[in-house]
Structure formats: structure tokens, C-alpha cells
Amino acid sequence: MTILLFIPACFALNMAPGPNNLLSMANAKRYGVRTACYAGIGRLVAFVAMITLAATGLATVLYTSEKLFLAIKVVGGLYLLWLAYQLWTADPTEGDSEAPGGKSFFQLARQEFLLAAGNPKAILIFTAFLPQFVDPAGSVGYQFLILGVLFLMLECVAIAGYAFFGKALRHWFSRPSMRRLFNRVCAGLLGSAGVGLLLARRE
């Protein structure tokens, strides 16, 4: 297990501007950094479940099953499109308060959870990426535990980083017209990711 190689490679994956990070940024702009970070707990719960599946070998079975993979891809893609629609139609005059407003912490965390759980790329990370750093001659479970904890720690950094960036954008985009532009840019990115998932083919 080469930790010195794993950490920078993993951090690059964590910081990539994927759907969850874009959602964290949008949540921070609308509800504040603290709320966006709390919402990120939902994403972490999904990743803990995936790491557990990978460690027990069930994730490999999931990925090799065409029907299950297709179901996850379709559900994940449609959910991304739904989030994109919500952002596109969001009221740009809302969001001046740190309070969650119309959505509770649980609802925001559930969004993060469903978005992470419905992304086939996350399955690939835990079935193809993590195992590369596991030595079969050693304790596989213990190594997955260490790698999983490191992954989750770096994911927390990504959540906070994108949340603070979203908070900065909130101050820059103080006018409703700029908020609408920001929401629609994020909606376009999420929508593109959703279409990409729906059109993606297994390699």
C-alpha cells in the first residue's frame, strides 16, 4: 500500500468539479458554508457504504452486472437532471440568510447522498481505483479501512473548499441577475453531467 502515491491521486479525484462538489458550492452560495458542509455528510455516508461494499467484494459484483449498472446510471442521470431543473428555476432573490429556508439540513444531506449513490463513477473509484493501492498479501480489510478513512478526510477538504468558494461567489453575485446566472451555469453543468451519465457506455 503506497500512501505517498495514493494521497495526491486521491486528492485530485476529490477536488474534481463533479456533481457533488458543484452542489456543495451552490448550497453554500444559497444557505451558507456551515449548511453546505453539514449537507456534505450525506455524501460521506454514501461513500462509507461504497467503501464497505468494495472491501467485501460486493461492489465488483455490482459493477459487473449490466442490469444493476444500467439502473444506477439511469437513476443517477435523471436525478442530476432534476437537480439541474431545480437550480435553473430557483428564485434568485432567495438565499440572503444563513438559514436553510425552505429545505432542512436533512433534505440537503439527502440530496448529497442520492447524488453520490447514483453516480456510477463513484463505483468505479471504489472498485478500480482503491484496490490498486491494496497489497493482497496483507490484511485487505485493514488496508481498505486506512484508504477509506484517508479518502473521506480528503473528501471533507473538498466539501469545505467548494463551500467556501460558493460563499465567495455569493458575495460577488449579490444582484439577483448574477445569482440567476450562477444558478443556471451550475444547472447547465449538472444537466450536462446527467446527460453524460445517461449516454455513457460501460468500458
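All of these numbers come straight from a predicted model, not from anything done at the bench.

Scanning the entire structure with this criterion turns up two salt bridges. Arg43 is paired through a salt bridge with Glu112; the nearest N and O atoms lie 3.0 Å apart. Of this pair, Arg43 sits in helix α3 (residues 33–56) while Glu112 sits in helix α6 (residues 105–117), placing them 69 residues apart in sequence. Linked by salt bridges that have partners in common, Arg43, Glu112 and Glu155 make up one network.

Turning next to the packing of aromatic side chains. Any aromatic ring pair is given by two values, namely how distant the centres are and how the planes are angled relative to each other. According to the stated counting rule, one finds three aromatic pairs in the structure shown. Here the aromatic rings of Tyr38 and Phe105 are separated by 5.7 Å at their centres, their planes lie at 75°, and the arrangement is edge-to-face. Of this pair, Tyr38 sits in helix α3 while Phe105 sits in helix α6; the two residues are 67 residues apart in sequence, bridging distant segments of the chain. For Phe105, a relative accessible area of 36% gives the class partly exposed.

Looking now at a nonpolar patch on the surface. Taken together, the side chains of Tyr38, Ile41, Val45, Phe105, Phe113 and Leu114 present a nonpolar region at the surface, about 520 Å² in accessible area. Position of Val45 relative to the elements: it lies in helix α3. Classification of Val45 by relative accessible area gives partly exposed; the value is 45%.

Rules and cut-offs
- Residues numbered from 1 in each chain as written.
- Predicted model: local features only at pLDDT ≥ 70, side-chain atom pairs only at ≥ 80, totals over all residues.
- Heavy atoms only, no water.
- Salt bridge = Lys/Arg side-chain N within 4 Å of Asp/Glu carboxyl O.
- Helix = DSSP H or I, 4+ residues; strand = E, 2+ residues; numbered from the N terminus.
- Phe/Tyr/Trp six-rings, centres within 6.5 Å; stacked < 30°, edge-to-face > 60°.
- Buried < 20%, exposed > 50% of the residue type's maximum accessible area, 1.4 Å probe, protein only.
- Patch = residues over 30% accessible without salt bridge, like charges linked within 9 Å, V, L, I, M, F, W, Y side chains within 5 Å.
- Areas by Shrake-Rupley, 256 points an atom, 1.4 Å probe, with all protein chains shown as cover.

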